[in-house]
Amino acid sequence: MKIVRNGQAGTLESGDVMVIVSPRSPEAGAQLELEVHSIVEAQYGEEIRRVVRETLSELGVVDARVTIQDRGALDYCIRARVEAAAHRATAADGEK
Amino acid sequence: MMIATNAKERIRRSMLFVPGNNPSMIQTCPIYGADTIILDLEDSVAPSQKDAARRLVVHAVRELDFAGAEIAVRVNPPDTEDGKRDIEALKHVDVQVLLIPKAETPEYVVGVDRQLGDLPTALIPMLETPAGVLRGSEIAASCGRVVAIAFGAEDYATSMGIQRTKAGREVFTARCLVAMAARACGVAAIDTVFVDVNDEEGLAADTREAISVGFEGKLSINPRQVETINREFTPTAAQIDRARRVVEAYEDGIRRGLGAIALDGKMIDMPVVQRAQTVLKMAKAAGCDGAGGERE
């Protein structure tokens, strides 16, 4: 899945997470750049990163900048928001 | 296609709508004790957020524990792109029931039936327009997946160009028609929402009226309404006791080969026995068939 524009999903409400998936500069080489801000960063920062990477991998996203603003979201919510943001960041108009 | 064997018998006193794009509410909804949780993709989700809500609901159903509640999803109207995508996405997770909004024809429900293929998902069409209400029995009998039909009074009133009142006289006829259509087809009738979440007495009275015309459950838009709805639909201890005595007297009469059976000086005929059996079934399903917890 190729990221071609900014895609955003989720909210800053408690229990939710706001995810922004953006394209990176083509010269920089393919990689995932994760920026995580969480109210539970100390306890769950690594777990959040793991879930985000796993979801992007399942979607076939290998080159993107991903910003996470977490408000205590559970894993299912993180997965759903990353998926929605990534799909919104692609060129395909099929499944929105 | 075969729906789950218990899908038709399942008790659905309270069916609680939960906005499908609100993770906080989705996570906490199991604690309120609703018999059915309806994750809503239709009216409570903004048009721009339909895709995000669909994904959230799919992952929630896949990963969360809903504490034994039946999981239903109200999809968008199946003749819209969003409705078609909802149904397609939900085919991959264990949703027990789909609520089909604004059903007006049997063909509308049959289309969803076909889309579901061999999956065991049950359907509850919502009758929310005069056209839907008038074809209630055809819709209820449209396919084997239909386990209940639900009345949506708010959209019905809009379609009729009439004002809703708390007394509900303006929707009484439609309500009765929905209950009759359900009974005629052997499916359950689920009543409309009661919109004033601060009026508990009004909710109780509205629920009693629904019961009095044949409804077996009620839609709810707020967790605070669940307890009242469950209480009103649960038989009282006196009703359970009377029902037990009726069934016992009837069975005793059959054993003794009696032609006419009486209890407390009144004849017991088959409709009386069947009503008593229904009370016992409701009591058992509600967990108050002698194990304690009966209503006074």
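Because the structure is predicted, anything quoted here is derived from the model rather than measured.

Here we come to the overall build of chain A. Check the secondary structure of chain A and you find 2 helices and 4 strands. Order of helices (α) and strands (β) in chain A, N terminus to C terminus: β-β-β-α-β-α. Relative to the globule expectation of 12 Å for 96 residues, the C-alpha radius of gyration of chain A, 13 Å, shows essentially globular dimensions. Summarising its shape, the C-alpha atoms of chain A cover approximately 35 × 30 × 20 Å along the three principal directions. Within chain A, the fraction of its 96 residues that count as buried is 46%. Contacts spanning at least 24 positions in sequence make up 75% of the contacts within chain A whose residues lie at least 6 apart. Put simply, chain A shows about 4,700 Å² of open surface, and 50% of that area lies on carbon and sulfur atoms.

Turning to the packing of helix H1 (residues 41-59) of chain A against helix H2 (residues 75-88) of chain A, a few remarks are in order. Residue and element names in this part refer to chain A. Contact pair H1 / H2: the axes reach a minimum separation of 9 Å and the direction vectors enclose 45 degrees. Overall, the two elements H1 and H2 adopt an arrangement that is oblique. Crossing geometry of H1 relative to H2 is assigned as right-handed. Side by side, H1 and H2 meet where Glu47, Ile48, Arg50, Val51, Val52, Glu54, Thr55, Leu56 and Leu59 of the first sit next to Asp75, Ile78, Arg79, Val82, Glu83, Ala86 and His87 of the second. Here the contact of H1 with H2 is composed, by residue class, of 8 nonpolar, 2 polar and 6 charged.

Let us look at the packing of aromatic side chains. Using the criterion set out here, one finds 1 aromatic pair over all chains in the structure. For the ring pair Phe151 of chain B and Tyr156 of chain B, a centre distance of 5.6 Å and an interplane angle of 65 degrees mean the geometry is edge-to-face.

So, on to the nonpolar core. Residues and elements named next belong to chain B. Core analysis: the biggest nonpolar cluster contains 81 residues, and Leu39, Val73, Leu90, Leu98, Leu123 and Phe151 have the highest contact counts within it. Contact partners of Val73, with chain neighbours within four places excluded, come to Ile38, Leu39, Leu41, Val57, Leu90, Val95, Val97, Leu98 and Leu99. By size, the runner-up hydrophobic cluster in this structure holds 18 residues, among which are Val97, Leu99, Val193 and Leu219.

Listed by partner, the interface residues are 17 residues for chain B and 18 residues for chain A. In total, about 1,600 Å² of surface goes out of reach between chain B and chain A, with carbon and sulfur atoms giving 46% of it. The tally of links between chain B and chain A comes to 3 salt bridges. With its nearest N and O atoms 3.0 Å apart, the salt bridge here joins Arg55 of chain B to Glu83 of chain A. In this structure, the connection of chain B to chain A is made through 10 residue pairs in polar contact (both at pLDDT 80 or more). At the level of secondary structure, the elements contributing two or more residues to the side of chain B that touches chain A comprise helix H1 (23-28) and helix H2 (50-63) of chain B. Take the side of chain B that touches chain A: its biggest share by element is 8 residues, from H2 of chain B. Residue composition of the side of chain B that touches chain A, by class: 6 nonpolar, 6 polar and 5 charged.

Moving on: the sheet that holds strand S5 (residues 122-127) of chain B. Residue and element names in this part refer to chain B. Read around the closed barrel, 8 strands run S1-S2-S3-S4-S5-S6-S7-S8, paired in parallel fashion. Strand-to-strand, the axes of this sheet are offset by a mean angle of 25 degrees, without reference to chain direction. The sheet contact formed by S5 and strand S6 (residues 148-151) spans 2 bridges and is parallel. By the bridge assignment, Met126 is partnered in S6 with Ala150. Strand contacts of helix H8 (residues 172-185): S5, S6, strand S7 (188-191) and strand S8 (217-220), with the helix running at about 175 degrees to S6, the strand carrying the most contacts.

Our next topic: the domain arrangement of chain B. We note that the domain assignment places domain 1 (14-233) and domain 2 (237-285) within chain B. Look at where the C-alpha atoms of domain 1 of chain B and domain 2 of chain B centre, and you get two points 33 Å apart.

Before going further, it helps to examine the pairing of strand S2 (residues 17-22) of chain A. Residue and element names in this part refer to chain A. By the criterion of burial, S2 is predominantly enclosed, with 5 of the 6 residues buried. Note: strand S1 (residues 7-9) against S2, 3 bridges, orientation antiparallel. Note that in S2 the partner of Ala9 across the bridge is Val19. Pairing of S2 with strand S4 (residues 64-70), which is carried by 6 bridges, proceeds in the antiparallel orientation. Following the sheet pairing, Val17 is matched in S4 by Asp70.

Attention shifts here to the sheet that holds S2 of chain A. Residues and elements named next belong to chain A. Here we have 4 strands laid out as an open sheet, ordered S1-S2-S4-S3, and mixed in their pairing. One side of each edge strand has no neighbouring strand; the edge strands of this open sheet are S1 and strand S3 (32-38). Between one strand axis and the next, the sheet turns by 10 degrees as a mean value, whatever way the strands run. Contacting S3 and S4, H1 crosses the sheet at an angle of about 145 degrees to S3.

Moving on: the packing of H2 of chain A against H2 of chain B. Orientation of H2 of chain A relative to H2 of chain B, taken along the N-to-C sense of each, is 150 degrees, at an axis distance of 8 Å. Our classification of the angle between H2 of chain A and H2 of chain B gives roughly antiparallel. When the axes of H2 of chain A and H2 of chain B are compared, the crossing they make is right-handed. Residue-level inspection shows Asp75, Tyr76, Cys77, Arg79, Ala80, Arg81, Glu83, Ala84, His87 and Arg88 of chain A of H2 of chain A in contact with H2 of chain B, the latter providing Asp51, Ala52, Arg55, Leu56, His59, Ala60 and Glu63 of chain B.

Thresholds applied
- Counting of residues starts from 1 at the beginning of each chain's written sequence and follows it residue by residue.
- Working convention: letters from A go to chains and numbers from 1 go to ligands, in the order in which they are written.
- Thresholds applied to this predicted model are a pLDDT of at least 70 for local features of residues and 80 or more for the giving and counting of side-chain atom pairs; totals over whole chains, interfaces and linings are not thresholded and use all residues.
- Based on all heavy atoms of the structure, the side-chain values leave hydrogens and waters out of the count.
- Numbering of helices and strands runs from the N terminus; a helix is a DSSP stretch of H or I covering at least four residues, while a strand is a stretch of E covering at least two.
- For this measure, only C-alpha atoms enter the radius of gyration; the expected value for a globule follows 2.2 Å times N^0.38, where N is the number of residues.
- Partly exposed describes any residue whose relative accessible area lies between the buried limit of under 20% and the exposed limit of over 50%, with all areas from a 1.4 Å probe on protein chains only and scaled to the type maximum.
- It only takes one pair of heavy atoms within 4.5 Å for two residues to be counted as in contact.
- Computed with the Shrake-Rupley method and a 1.4 Å probe, the accessible areas treat only the protein chains shown as cover for residues.
- The convention used is that axes are lines fitted to C-alpha atoms, helices contributing only their stretch in contact, and that angles between N-to-C directions extend from 0 to 180 degrees.
- Roughly parallel means an angle under 35 degrees; roughly antiparallel means over 145; roughly perpendicular covers 65 to 115; every other angle is labelled oblique.
- Helix crossings fall into two classes, left-handed where the near helix is turned counterclockwise from the far one by less than a right angle and right-handed where it is turned clockwise.
- Under this grouping Gly is polar, as are all residues other than the nonpolar Ala, Val, Leu, Ile, Met, Phe, Trp, Tyr, Cys and Pro and the charged Asp, Glu, Lys and Arg.
- When two rings of Phe, Tyr or Trp (its six-membered ring) have centres within 6.5 Å they constitute a pair, described as stacked for plane angles under 30 degrees, edge-to-face for angles over 60, and tilted for the intermediate range.
- We define a nonpolar core as any set of buried Ala, Val, Leu, Ile, Met, Phe, Trp, Tyr and Cys residues linked to one another through side-chain atoms lying within 4.5 Å.
- The quantity reported as buried area is the accessible area (1.4 Å probe) lost by two parts once they are put together, taken as the sum for both.
- The salt bridge criterion pairs a side-chain nitrogen of Lys or Arg with a carboxyl oxygen of Asp or Glu, the two atoms within 4 Å.
- Here a polar contact is recorded for every N or O atom pair within 3.5 Å, except that within protein the pair must consist of a potential hydrogen donor and a potential acceptor, and residues adjacent in sequence are included only if both atoms are side-chain atoms.
- Here, any two strands with at least 2 DSSP bridges between them count as paired.
- Residue ranges for the domains trace back to a domain assignment, done automatically or taken from a database.

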